[in-house]
Amino acid sequence: MLSNTKKLTVKKDFFLNKELLMKLAPLISLVLLMIFFSIGTPYFLNLSNLLTVALQTAVIGIMAIGVTYVIITAGIDLSLGSVMAFSGVAVGLAASIGLPLWLCVLAGALAGFLCGCLSGFLVTRAAIPPFIATLGLMMSVRGINLVLTDGRALYFQDYPTFRVIAQGRLFDLIPYPVIYFAVIALISAYILKRTVIGRYIYAVGSSEDAAHLSGIKVNQVKMFVYSFCGLLTGVAGVILTSRLNSGQPTVGVGYELEAIAAVIIGGTSLMGGIGTIGGTIIGALIMGILKNGLNLMGVSQFWQMVAMGIVVVAAVYLDTLRKKMK
Amino acid sequence: MGNFMDTTILKMDNITKRFPGVLALDNVSFNLRRGEVHALLGENGAGKSTLMKVLSGVHIPNDGQISFEGQLVKLTSPISAQEKGIAIIHQEFNLFPELSVAENIFIGREFRGSNQWLLDDVSQADAAQALLDKLNLKISPHTLVEKLTVAQQQMVEIAKALSVNAKILIMDEPTAALTESEIKSLFKVTNMLKSQGVGIVYISHRLEELVQIADRATVMRDGCFIGTVDYAATTIDELIAMMVGRNLGDIFPKRGNKPSKEIVLDVKNLNRKGVLHDINFNLRRGEILGFSGLMGAGRTEVARALFGADSIDSGEISLFGKPVTITNVHKAIELGIGYLTEDRKKEGLALGLSVNVNTMLSSYKQFSNKFGIIDEQACFNTSNDLKEKLKIKTPDLDQLAGNLSGGNQQKIIIAKWICKNTEILIFDEPTRGIDVGAKLEIYELINKLTEQGKSIIVISSELPEILGMCDRILVMRGGRITGELESERATQENIMKYATLEG
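S.K.: Is there a simple way to explain the overall build of chain B in this structure?
M.R.: Helix and strand counts for chain B stand at 17 helices and 20 strands. Considered along the principal axes of its C-alpha atoms, chain B spans approximately 75 × 55 × 45 Å. Taking all 503 residues of chain B together, 45% fall into the buried category. Partitioning the intrachain contacts of chain B with sequence separation of at least 6 by distance along the chain shows that 68% fall at a separation of at least 24.

Written out as C-alpha cells, the structure is:
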C-alpha cells in the first residue's frame, strides 16, 4: 500500500516534469542530437566541424529569423528562395556596371528589402492572403532572375575582395557569416522582445481585431514584418553570393520551406501570436546538425530529406501534445 | 384550422437546466398544440433560447420531462430531435451560401442515383421545386443561396423544415430582418403551416406584430415560467408587465456625483446609409448615458461610428467643444475615446498574450523612448498598480488573458483604457457573460470613473442594468433614436414601448 502511494507521487512528479520537458523540447532535441552524433561518428564533435555547421546554418538561419516575424503575425512568406537569388543577381548586375563593392552589397540587400515591401503592399493594401501574395512573388521573381541574367550565372572577377564577406574568418577561426548570424539574431530578438513594434507584432498575431481596436496600425505592423523579412533575405542572399562567388539566378529553390521548417521546429505557431527568435535559431541548428551529422555518418542525401520531414512533423506533434496536456 | 386546436403535441414539464454558476431554467413548463402559433416572450436572458435548445436537443435538461405526441421522450442530441420532427430556424441561418437552394434543403440527405455513390441532382431539384411551389416562392432550386434576399433565405430554411415533415417548427426572431411585405408573406406561409397542423413556437420581441399571428403566448423571466395566456385576450401592456415585472434589486451601487453641465461629446445628424439615420445626442462630463433597444437596433453601430471603426456618410461630431473628424480607430483613441466591445474574446483582448501586455496595449507609445524601446519596469509598475486598483484576480501579470474569468477580462480592458487616460468610454454590453458578483464590481468601477470626470456611454440589452446605472437613456429602433428618457422618468415599460412599437 505504502509503496503504491509512493509510486503515485513519483509518477505525478514525472508528469509535471514532462510538461517542462516538452516546453524545452527543441533545446533538448538539439542536445540529444549532438550527443547522438558525437557517439555515432568521430568526426562530429570538434571545433572545426561545429563551425562548419554554424557556417552552413547561417544563411537559412538569417532568413528564418526574418520569416519568424512574419509568422508571428499569422502571415507566411514563400518568396524567400527566389528573393535571395534575386539579391545575388542584383549584386551581380551592380558589379557588371562597375559600381564600387559597398554599393553592390547594398544593392543586394536593397533588392530583398524591395521584394519584402512588395509582399507587404500586396498583403495590406491589396488585401491578398499572404500565402497567395508570396506564392505569386516566388514564381515571378524567379522568372525575373532568369530574364535579367539570361539564365546564366554572374561572376565577380573584378572584385577579388567580395568573397571575403562570406569566406573570411575572424582570427582565422570564426567564419564571418556566423558572426553576421549572431549579430542579426541578437538585434532581432531585442526588437521583438523590447520594442513597441515587437510587442505589436505579437498583438497582431494574437488577435488582429483586438489590436486594431486598441489603436494599433495593423497594416503598418504587417508592412514592417514583410519588409524586414525581405531585408534579411537580401542579406542572406549577399552572403550566399559571396560564398559561391557568383550571382546564381537559380539558387535557393526550396530554401523558403527550410526556413519555415526551422521556425516551426523552434516552437513558433503558424496561427500567430507565439514564437521566439531563440526558438528559431535552435530550429535552424537542429536542421543544420542533422544534415551535417547524417552526412558524416554516410547517410545518403535522399534519406536525409526523409529525416528532415520527420523532424518537422514530430516537432509540431510534440507542440500539439503540450497544448493538450494543458 | 380549429380541428387541431385541442390536441397537445408537446408538453415540457418542470424543465430545469443548470450551467456552472447559473440556473438558466428554473422549473419551466411549456406546452404546444397542433396547428397553433405559440409566442415565447421575455427579455434577453430570460431563458427562451435555452428552453428552445432543450427542445431541439442541444442542451440536456438536469430535471423535468418532455412528452411528444403523448409519449415521454429523451432528446439527447439535435439529431434525435430532428428525427421526431422538431425543426428550428435560428436567427442566424444555417445555410451554405455557395450551394444551391436544392442542395441546401437536402444537405446531409442528398438524393442518390441507382448507384449509391452518385448524386441524383435532377430528382433532388424536382423535390425542391415542389417544396418551393408549396411555399409559393418564385425562385429556382438551382439558385445559389448567397444570391437570395434574407427573406428568401428564411423561406429556404422553412422549406428545409417542411422537407423533413416537421411537426414542430421553432422560429427565433423570424421577422427581425424582414421588410413589411416580406413579413406579410412569411405570415401567409405560417398560416398555411398552421392549417396543416404544424405546431409553431415563435420567439419575437415585436409584440404588436404578434397580434396578427399568435394564438397563445408564454412569458418567461429570469429563467422562470411566468404564465401562458391567450394572445387575443391580453393587452400588450399586460404582456410587457409580465415580461419585466421585477423590482430592480439593490445591486446597482449609488453614485456620489451628478453629471456636470459641460458637454464633452456632441453628435449631430449622424448618418450611415441603411444603418444609422439622423443620430443626434450629446454626452456630459461625468455622465452615464445609456443606449437601449433590441438587438440590431443600431446601438453598436453608433459606437463603432464614433470610434472610427465604421465610416459615416454624413454628420458632425464635436469633442470638448471642438469639431472633429474621426476617420479611423487610431484617431479616435488619440482624441480620447475608448471602446469596450461586446465580443471580448474576439475583439477585446489578445487572449494569447499576458495580462500585462493587454493592459498596456494602447499605451506602449507613452511607455517607450524615442527609439521605441519599451520601459518594462514602468509598464510592470503601471499595470500592477491598475491590477491592484481594479482588483483584477490573477496569479501574476504574466498570466495569459485567456485564462481569466469574464469579469476579470473585462477589468483588463477597462485597465487598458484607464492606462491610456481615455476621457470617453463606450461600454458595449459591459456585463454580458459575467457573473453577478463581478457585475457589481464592474458597476462600481464605472461609477468611480464618472467621479473622476470620465464620461460613459453604456449600451446594454439588459433593461435593469440600463435603468440602474444611467443618468439618461436613449432608446433606438431600426437605426434611429426613438426616445430619450431621464432616468427618474424611465421605466422598463416605456423603454420597451420605444424599442418595440412603430412610430
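S.K.: What should I look at first to understand the overall build of chain A in this one?
M.R.: Within chain A, the secondary structure is distributed over 14 helices and four strands. At 21 Å, chain A has a C-alpha radius of gyration in line with the 20 Å of a compact globule built from 326 residues. Taking the principal axes of its C-alpha atoms as reference, chain A extends roughly 85 × 60 × 35 Å. For chain A, buried positions account for 49% of its 326 residues.

S.K.: Mind showing me how you'd approach the sheet that holds strand β15 (residues 322-324) of chain B here?
M.R.: By way of backbone hydrogen bonds, the strands of a sheet pair with one another, either parallel or antiparallel. All names here are of chain B. Within the open sheet, the four strands sit side by side as β12-β11-β14-β15. Their pairing is antiparallel. Whereas interior strands pair on both sides, the edge strands pair on one side only; in this sheet they are β12 (276-284) and β15. Shown here is a sheet whose adjacent strand axes are inclined to one another by a mean of 20°, direction ignored. Lying on the sheet, helix α9 (residues 299-306) is in contact with β11 (263-272), β12 and β14 (314-319); it crosses β12 at an angle near 70°.

S.K.: In this structure, what is going on with the sheet that holds strand β13 (residues 288-293) of chain B? I would like to understand it.
M.R.: Residues and elements named next belong to chain B. An order of β16-β17-β18-β13-β19-β20 is seen for the six strands of this open sheet, with the pairing classed as mixed. In this open sheet, the two strands that pair with only one neighbour each are β16 (337-340) and β20 (480-486). Averaged over all adjacent pairs, the angle separating strand axes in this sheet is 20°, with direction ignored. Relative to β20, strand β19 (residues 472-477) runs antiparallel, the two sharing six bridges. The partner of Val-475 across the bridge, within β20, is Gly-483. Packing against the sheet, helix α17 (residues 492-500) makes contact with β13, β19 and β20, and its axis sits at approximately 30° to β19.

S.K.: Help me understand helix α6 (residues 180-195) of chain B, please; the structure alone is not making it clear to me.
M.R.: One turn of an α-helix holds 3.6 residues; hence residues three or four places apart share an orientation. Residues and elements named next belong to chain B. Taking 1.5 Å of rise per residue, 16 residues should cover 22 Å, and α6 covers 23 Å from first to last C-alpha, within 8% of that figure. Along α6, the positions that sit buried rather than exposed are Thr-190, Leu-193 and Lys-194. All buried residues of α6 lie within an arc of 100° about the axis, which places them on one face of the element. More than 90 degrees from the buried face of α6, the exposed residues found are Ser-181, Lys-184, Lys-188 and Ser-195. Residues of α6 that are buried sit in contact with β3 (37-41), β7 (168-172) and β8 (199-203).

S.K.: How should I be thinking about the environment of Val-156 of chain B in this particular structure?
M.R.: Residues and elements named next belong to chain B. Within the secondary structure layout, Val-156 lies in helix α5 (residues 150-163). Given 27 C-beta atoms within a 10 Å radius, Val-156 is considered buried. In this structure the C-alpha to C-alpha distance between Val-156 and Phe-30, which are 126 residues apart in sequence, comes to 28 Å.

S.K.: Where do I start with the nonpolar core in this structure?
M.R.: Here is a general trend for soluble globular proteins: nonpolar side chains tend to be buried in one another's company. In terms of nonpolar packing, the biggest core is built from 238 residues, with Ile-62 and Met-63 of chain A touching the most fellow members. Examining the composition of this core, we find that 15 residues originate from one element, helix α3 (residues 47-72) of chain A, more than from any other.

S.K.: I tried to follow unusual backbone geometry on my own but got confused; where do I start?
M.R.: When glycine is set aside, most residues are seen to have a negative phi, and most peptide bonds are trans. A positive phi angle is found at Asn-421 of chain B, which is not glycine, with a value near 60°. Position of Asn-421 of chain B among the secondary structure elements: in the loop between α14 (406-419) and β17 (424-428).

S.K.: How do you make sense of the interface of chain A and chain B when you look at a structure like this?
M.R.: The accessible area lost on association of the parts is a frequent measure of interface size. Counting residues at the interface gives 19 residues for chain A and 24 residues for chain B. For the side of chain A that touches chain B, the elements supplying multiple residues, two or more each, are α9 (196-206) and α10 (208-213) of chain A. In terms of residues, the side of chain A that touches chain B owes the most to one element, α9 of chain A, which gives six residues. For the side of chain A that touches chain B, the residue count by class is eight nonpolar, seven polar and four charged.

S.K.: Which parts of the structure should I look at to understand the pairing of strand β9 (residues 216-221) of chain B?
M.R.: Residue and element names in this part refer to chain B. Summarising the sheet, β3 and β9 pair through four bridges and their orientation is parallel. Among the inter-strand pairings, Leu-41 is bridged to a residue of β9, identified as Val-219. Two elements, β9 and strand β10 (residues 224-230), share six bridges in a ladder whose sense is antiparallel. Looking across to β10, one finds that Ala-217 is bridged to Val-229.

S.K.: Even after reading the chapter, I still don't get the pairing of β16 of chain B, so can you show me in this structure?
M.R.: Each regular strand shows side chains that alternate between the opposite faces of the sheet. Residue and element names in this part refer to chain B. Neither face of β16 is left uncovered, since the one carrying Ile-337 and Tyr-339 and the one carrying Gly-338 and Leu-340 both have all their residues buried. Where β16 meets β17, four bridges bridge the pair, whose relative direction is parallel. Across the sheet, the residue bridging to Tyr-339 is Ile-426, located in β17.

S.K.: Teacher, can you tell me more about the confidence of the model for chain A here?
M.R.: Caution is warranted with low-pLDDT regions, since their predicted coordinates should not be read in detail. Residue and element names in this part refer to chain A. With 93% of its residues at a pLDDT of 70 or more, chain A has an overall mean of 88. Here helix α1 (residues 2-23) is the element of chain A with the lowest mean pLDDT, 53, and helix α11 (residues 218-244) is the one with the highest, 95. Here residues 1-12 is modelled with pLDDT under 50, and outside its nearest four sequence neighbours on either side it reaches zero contacts, counting other chains as well.

S.K.: Is there a simple way to think about the confidence of the model for chain B in this case?
M.R.: With 95% of its residues at a pLDDT of 70 or more, chain B shows a mean pLDDT of 86. Prediction confidence for the complex, expressed as pTM and ipTM, is 0.77 and 0.79 respectively.

S.K.: Can you walk me through the packing of helix α4 (residues 80-96) of chain A against helix α6 (residues 130-149) of chain A in this structure?
M.R.: Residues and elements named next belong to chain A. The interhelical angle for the contact between α4 and α6, taken along N-to-C directions, is 25°, at an axis separation of 8 Å. With respect to their mutual orientation, α4 and α6 come out roughly parallel. The hand of the α4/α6 crossing is left-handed. For the pair α4 and α6, the contacting residues are Gly-81, Ser-82, Val-83, Ala-85, Phe-86, Val-89 and Leu-93 in the first and Met-138, Val-141, Arg-142, Ile-144, Asn-145, Leu-148 and Thr-149 in the second. A per-class count over the contact of α4 with α6 returns nine nonpolar, four polar and one charged.

S.K.: Even after reading the chapter, I still don't get helix α2 (residues 25-40) of chain A, so can you show me in this structure?
M.R.: Compared with the 22 Å implied by 1.5 Å per residue over 16 residues, the 22 Å span of α2 of chain A between its first and last C-alpha is a close match. On its buried face, α2 of chain A sits against α12 (255-265) and α13 (277-296) of chain A.

About the thresholds
Residues numbered from 1 in each chain as written. Chains lettered and ligands numbered in written order. Predicted model: local features only at pLDDT ≥ 70, side-chain atom pairs only at ≥ 80, totals over all residues. Helix = DSSP H or I, 4+ residues; strand = E, 2+ residues; numbered from the N terminus. Buried ≥ 20, exposed ≤ 12 C-beta atoms within 10 Å, placed from the backbone. Contact = placed C-beta atoms within 7 Å. Rg over C-alpha atoms; globule rule 2.2 N^0.38 Å. Pairing = 2+ DSSP bridges. Axes fitted to C-alpha atoms, helices over the stretch in contact; angles between N-to-C directions. Expected span 1.5 Å × (residues − 1). Arc of directions from axis to C-beta. Core = buried A, V, L, I, M, F, W, Y, C linked by C-beta atoms within 7 Å. Nonpolar A, V, L, I, M, F, W, Y, C, P; charged D, E, K, R; others polar. pLDDT = per-residue confidence, 0-100. Parallel < 35°, antiparallel > 145°, perpendicular 65-115°, else oblique. Left-handed = near helix turned anticlockwise from the far one by under 90°.

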